[in-house]
Amino acid sequence: QVQLVESGGGLVQAGGSLRLSCAASGSIFSINAMGWYRQAPGKQRELVAAITSGGSTNYADSVKGRFTISRDNAKNTVYLQMNSLKPEDTAVYYCIAGTYGKVPDNYWGQGTQVTVSS
């Protein structure tokens, strides 16, 4: 089992920045990729960014050039630096950790609210 605890959400004006953190505990040796999803009211949950254990990254087109995902393996923590925030970035942001294996398990954090005012 893996437990994920997110922090860093809040209210920010358009153009501002926030950094989200997600700390993993439990069976951390089993974690391969980690990432962030978000879900806005009335919309489906969507992938924002992901990073593998080797450091390869992937971003949604809507956040490329504005968001940066990073990972500190020593602290078992993944970060999402969000710059140039827009009102359309408003959503609940969820951390996800995927395990190794042919049929990986996915673990989710509880979510953190990010609100960008215009």
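For the structure itself, look to the data block above.
Let me begin by describing the structure that accompanies this report. (Residues numbered from 1 in each chain as written. Predicted model: local features only at pLDDT ≥ 70, side-chain atom pairs only at ≥ 80, totals over all residues. Heavy atoms only, no water.)

Focus: the pattern of salt bridges
Scanning all chains against the criterion turns up four salt bridges. Note that aspartate 89 is salt-bridged to arginine 38, the shortest N-O span being 3.0 Å. Residue aspartate 89 is located in the loop between strand S8 (77-82) and strand S9 (91-99), and its partner arginine 38 is located in strand S4 (residues 31-39); the two are separated by 51 residues in the primary sequence. The residues aspartate 89 and arginine 38 share a single accessibility class, namely buried. Notably, a salt bridge pairs arginine 66 with aspartate 89, separated by 2.7 Å at the nearest N-O pair. (Salt bridge = Lys/Arg side-chain N within 4 Å of Asp/Glu carboxyl O. Helix = DSSP H or I, 4+ residues; strand = E, 2+ residues; numbered from the N terminus. Buried < 20%, exposed > 50% of the residue type's maximum accessible area, 1.4 Å probe, protein only.)

Some details on the pairing of strand S3 (residues 18-26)
On a regular strand, one side chain projects to one face of the sheet and the next to the other, so that they alternate. In terms of strand pairing, strand S1 (residues 2-7) meets S3 through six bridges, oriented antiparallel. For leucine 4, the partnering residue across the bridge sits in S3 and is alanine 24. Strand direction decides the pairing type here: S3 and S8, joined by six bridges, are antiparallel. Bridging across to S8, cysteine 22 finds its partner in valine 78. (Pairing = 2+ DSSP bridges.)

Quick word on the state of the cysteines
Tallying each qualifying case throughout the model produces one disulfide. Here cysteine 22 engages in a disulfide with cysteine 95; their sulfurs sit 2.1 Å apart. With the S-S bond torsion at -85°, the cross-link from cysteine 22 to cysteine 95 turns out left-handed. With cysteine 22 in strand S3 and cysteine 95 in strand S9, this residue pair connects regions lying 73 residues apart in the sequence. You'll find cysteine 22 and cysteine 95 in the same group, each marked buried. (Disulfide = S-S within 2.5 Å.)

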